[in-house]
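The lines below spell out each chain.
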Amino acid sequence: MKRRPPFGMPEGIVLLAAPEGWRHSVLTVDGGMHCGRLTDVPINAGPAGARAAAAAMVVGLARDFHKARVDVIWDPPQEPGSWTGQITVAASPPNALGQTTS
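Residues numbered from 1 in each chain as written. Predicted model: local features only at pLDDT ≥ 70, side-chain atom pairs only at ≥ 80, totals over all residues. Heavy atoms only, no water.

Peer 1: Before we move on, could you go through the environment of His24 and cite the residues and values that matter?
Peer 2: Turning to its location among the elements, His24 is positioned in strand E2 (residues 21–28). Along the sequence, His24 and Gly36 sit twelve residues apart, while their C-alpha atoms lie 5.5 Å from each other. Among all residues touching His24, those that are not within four sequence positions of it are Ile13, Val14, Leu15, His34, Cys35, Gly36, Arg37, Leu38 and Met57. (Helix = DSSP H or I, 4+ residues; strand = E, 2+ residues; numbered from the N terminus. Contact = heavy atoms within 4.5 Å.)

Peer 1: Pulling in residues and values, what's your account of the nonpolar core?
Peer 2: Judged by nonpolar contacts, the single largest core of 18 residues is most densely connected at Ile13, Leu15, Trp22, Leu38 and Val58. By residue number, the principal contributor to this core is helix H1 (residues 47–66), which donates six residues. Residue contacts for Leu38: discarding those within four places in its chain leaves Leu15, Trp22, His24, Ala50, Ala53, Ala54 and Met57. (Core = buried A, V, L, I, M, F, W, Y, C linked by side-chain atoms within 4.5 Å. Buried < 20%, exposed > 50% of the residue type's maximum accessible area, 1.4 Å probe, protein only.)

Peer 1: Requested: an account of the pairing of strand E5 (residues 82–89), with residues and values cited.
Peer 2: The side chains of a regular strand alternate, first on one face of the sheet and then on the other. Summarising the sheet, strand E1 (residues 10–18) and E5 pair through five bridges and their orientation is antiparallel. Within the sheet, the bridge partner assigned to Ile13 lies in E5 and is Gly85. (Pairing = 2+ DSSP bridges.)

The structure is reproduced here in structure tokens:
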């Protein structure tokens, strides 16, 4: 019996600057949400570093739990201290024969 991953495939992310550090909410295709703080990012880290760490976290989650390669595309900021990003499945790399892999 195949076990279901502990949460759905990520489809979006919200990143917020907060006094206690950078907060994130990962939205999933099945309507779930995974929220927390970027613990490996210093409180005084700039937005570019926080976005890079959040994207790396999502890429790792998709790889580890769903065996999928994803890309995070950040939307232009709508308000200070807040960013949203769209998560898309990356195209599979070609194998040695030039065929795509699944």
